[in-house]
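Analysis of the macromolecular model
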Amino acid sequence: MHTATTNPAPSSPAILPAVDYVHGYSDREARRLGDQADTLAALLHEGTAYPAGSRVLEVGCGVGAQTVHLVDSSPGAHIVAVDRSADSLAQARARVEAHAPYADVTWCRADLFDLPFPDAAFDHIFVCFVLEHLAAPRRALSALRRLLRPGGSLTAIEGDHASAFFHPDSAYARAAIGCLVQLQADSGGNGLIGRELQPLVARAGYDDVRVRACTVYADRTRPALVDGFTRSTFTAMIESVREDALAAALITEADWDRGIADLRRTADDDGTFHYTFFKATGRRTA
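Residues numbered from 1 in each chain as written. Predicted model: local features only at pLDDT ≥ 70, side-chain atom pairs only at ≥ 80, totals over all residues. Heavy atoms only, no water.

With respect to the overall build of the chain
The test is simple: Numbering of helices and strands runs from the N terminus; a helix is a DSSP stretch of H or I covering at least four residues, while a strand is a stretch of E covering at least two. Only protein chains enter the accessibility calculation, which uses a 1.4 Å probe; a residue is then buried when its area is under 20% of its type maximum, exposed when over 50%, and partly exposed in between. Residues count as neighbours in contact if any of their non-hydrogen atoms are within 4.5 Å of one another. For accessible areas, the Shrake-Rupley method is used with a probe of radius 1.4 Å. Any residue's cover is judged against the shown protein chains and nothing else.
Helix and strand counts for the chain stand at 9 helices and 8 strands. Put simply, the chain has 286 residues, and 52% of those count as buried. Across the chain, contacts joining residues at least 24 apart in sequence account for 81% of those joining residues at least 6 apart. Of the roughly 12,400 Å² that the chain leaves accessible, carbon and sulfur atoms contribute 50%.

Some points on the pattern of salt bridges
Selection criterion: We count a salt bridge whenever a side-chain nitrogen from Lys or Arg sits within 4 Å of a carboxyl oxygen from Asp or Glu.
Overall, the coordinates contain 14 salt bridges when judged by the stated rule. The partner of arginine 231 in a salt bridge is aspartate 227, and the shortest N-O contact between them spans 3.7 Å. Of this pair, arginine 231 and aspartate 227 both sit in helix H7 (residues 223–239), 4 residues apart, which is roughly one turn of that helix. Residue class for aspartate 227 comes out partly exposed when judged on its relative accessible area of 40%. Measuring nitrogen to oxygen at the nearest pair gives 2.9 Å for the salt bridge that ties glutamate 253 to arginine 242.

What to know about the packing of H7 against helix H9 (residues 253–265)
For clarity, the cut-off: Axis lines are fitted to C-alpha atoms, over the contacting stretch for helices. Their N-to-C directions set the angle, which ranges from 0 to 180 degrees. Angle categories are assigned with fixed cut-offs, so that under 35 degrees is roughly parallel, over 145 is roughly antiparallel, 65 to 115 is roughly perpendicular, and the rest are oblique. Classification used: nonpolar for Ala, Val, Leu, Ile, Met, Phe, Trp, Tyr, Cys and Pro, charged for Asp, Glu, Lys and Arg, polar for all others including Gly.
Put simply, H7 and H9 touch, their axes get as near as 10 Å, and they point 175° apart. Looking at the two axes, H7 sits roughly antiparallel to H9. Residue-level inspection shows Phe234, Thr235, Ile238 and Glu239 of H7 in contact with H9, the latter providing Trp256, Ile260, Leu263 and Arg264. Of the residues contributing to the contact of H7 with H9, the split by class is 5 nonpolar, 1 polar and 2 charged.

Regarding the confidence of the model for the chain
For any part of a model where pLDDT is low, the fine detail of the predicted coordinates should not be relied upon. The condition that has to hold: Confidence scores per residue from the predictor, reported as pLDDT, run from 0 to 100.
Residue-level pLDDT values for the chain average 89, and 87% of them are 70 or greater. Counted against residues more than four places away or in other chains, residues 1–19, with its pLDDT under 50, gives 53 contacts. Low pLDDT (under 50) marks residues 21–25, which in the prediction has 19 contacts with non-local residues, meaning those over four places away or in another chain.

Thoughts on the packing of aromatic side chains
This is how the line gets drawn: In this analysis, rings of Phe, Tyr and Trp, with Trp reduced to its six-membered ring, are considered paired at centre separations within 6.5 Å, and the interplanar angle assigns stacked below 30 degrees, edge-to-face beyond 60, and tilted for intermediate values.
Scanning the model with the defined rule gives 10 aromatic pairs in all. Seen in terms of ring centroids, phenylalanine 234 and phenylalanine 273 are 5.0 Å apart; in terms of plane orientation they differ by 50°. Their pairing is tilted. With phenylalanine 234 in helix H7 and phenylalanine 273 in strand S8 (residues 272–283), this pair connects stretches of sequence that are 39 residues apart. What makes phenylalanine 234 buried here is its relative accessible area of 1%. Here the aromatic rings of phenylalanine 234 and tyrosine 275 are separated by 5.5 Å at their centres, their planes lie at 55°, and the arrangement is tilted. In this pair, phenylalanine 234 is assigned in helix H7 and tyrosine 275 in strand S8, connecting sequence segments 41 residues apart.

Focus on helix H4 (residues 137–145)
Each turn of an α-helix holds 3.6 residues, which means side chains three or four residues apart point in the same direction. To keep things clear, this is the line we draw: The arc in question is the one traced by the directions running from the helix axis out to the C-beta atoms.
Turning to H4, its buried residues are Pro137, Ala140, Leu141 and Leu144. End-on, the buried residues of H4 take up no more than an arc of 95°, which puts them together on one face. On its buried face, H4 sits against strand S1 (55–59), strand S4 (122–128), strand S5 (148–159) and helix H6 (197–203).

Here's the deal with unusual backbone geometry
That bond from histidine 167 to proline 168 is cis: its omega, -5°, falls within 30 degrees of zero. Tracing the backbone shows proline 168 in the loop between strand S6 (165–167) and helix H5 (171–186). Although it is not a glycine, alanine 120 sits at a positive phi angle of roughly 60°. Its location among the elements puts alanine 120 in the loop between strand S3 (105–109) and S4. The exposure class assigned to alanine 120 is partly exposed, which follows from its relative accessible area of 37%. One non-glycine residue, phenylalanine 129, adopts positive backbone phi at about 60°. Here phenylalanine 129 shows up in the loop between S4 and H4.

Digging into the layout of surface pockets
To find leftover empty space, one rolls a probe the size of a water molecule over the atoms. How we decide: Here a cavity denotes grid points, spaced 1 Å and computed from the protein atoms alone, that fit a 1.4 Å probe unable to get out, and a pocket denotes an open set having protein on both sides within 12 Å along at least 5 of 7 lines; residues with an atom within 4 Å of a point are the lining. Grid points are joined across faces, edges and corners, and a volume is the space filled by probe spheres set on the points.
There is about 250 Å³ of room inside the second largest pocket. Around the second largest pocket, the lining comprises 17 residues; the ones closest to its centre are Gly47, Thr48, Ser153, Thr155 and Thr281. Those elements that place two or more of their residues in the lining of the second largest pocket are S5, strand S7 (207–218) and S8. Classifying every residue of the lining of the second largest pocket gives 4 nonpolar, 7 polar and 6 charged.

Digging into the environment of leucine 134
Turning to its location among the elements, leucine 134 is positioned in the loop between S4 and H4. Here the alpha-carbon distance between leucine 134 and glutamine 184, two residues 50 residues apart in the chain, equals 9.6 Å.

Below is the structure:
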């Protein structure tokens, strides 16, 4: 594995309109991200493979949950994985080294809005579950565009929490989901950004922008999705903001507990769950 010396994060707070990562940086969250990536790899990474020798920038790699799948789908590509968190980068490096010790990955600690790369340095850029946490996602996409060579591609993947519907339906469960959406909005992020991807990417200056809806549907006939997505990804994601939701008085403790119980109920044998991710691709033309 090719490993670069990590770069110190820029110190100027004016560089990045900062948004706290609403789910936190706990070991539990790291496991959830891994469960999510592994469960959804076939769905989200379908059609994403980069040629041998190409330079690929992964922005906001976090704990490397998506990096391992990039390595699998594009074994001959050189991947530069960037994150602003030194702890996340350390976890990402360990995860990839354990999964694919000979992968060609460079790790870089840097701010998305102040990346230490020259113009047209990359053939492809991959951004997954990052834009929802930014106060200025269009500005971020515009900043990334300068790093693409003419003809290079962008792939951006985001969810939309309002696309969750389930059986048995529950107003309490929907209220708990709404707490996460509100907390993200209050911090400057957007948990509903998936539906905006096409105009967002196009207005950032990319051409030939196409968006594909990637639907997850889980019921008892798909036990891997019930466990990997309904329980370990989505419900765990909502559960992670319990203390913040209660502290902000967005919901009562009794209603929260009822909502989480009802979300868990959708993973029972007679339950169903649906969610939609959105995958956008675009190019920088000359």
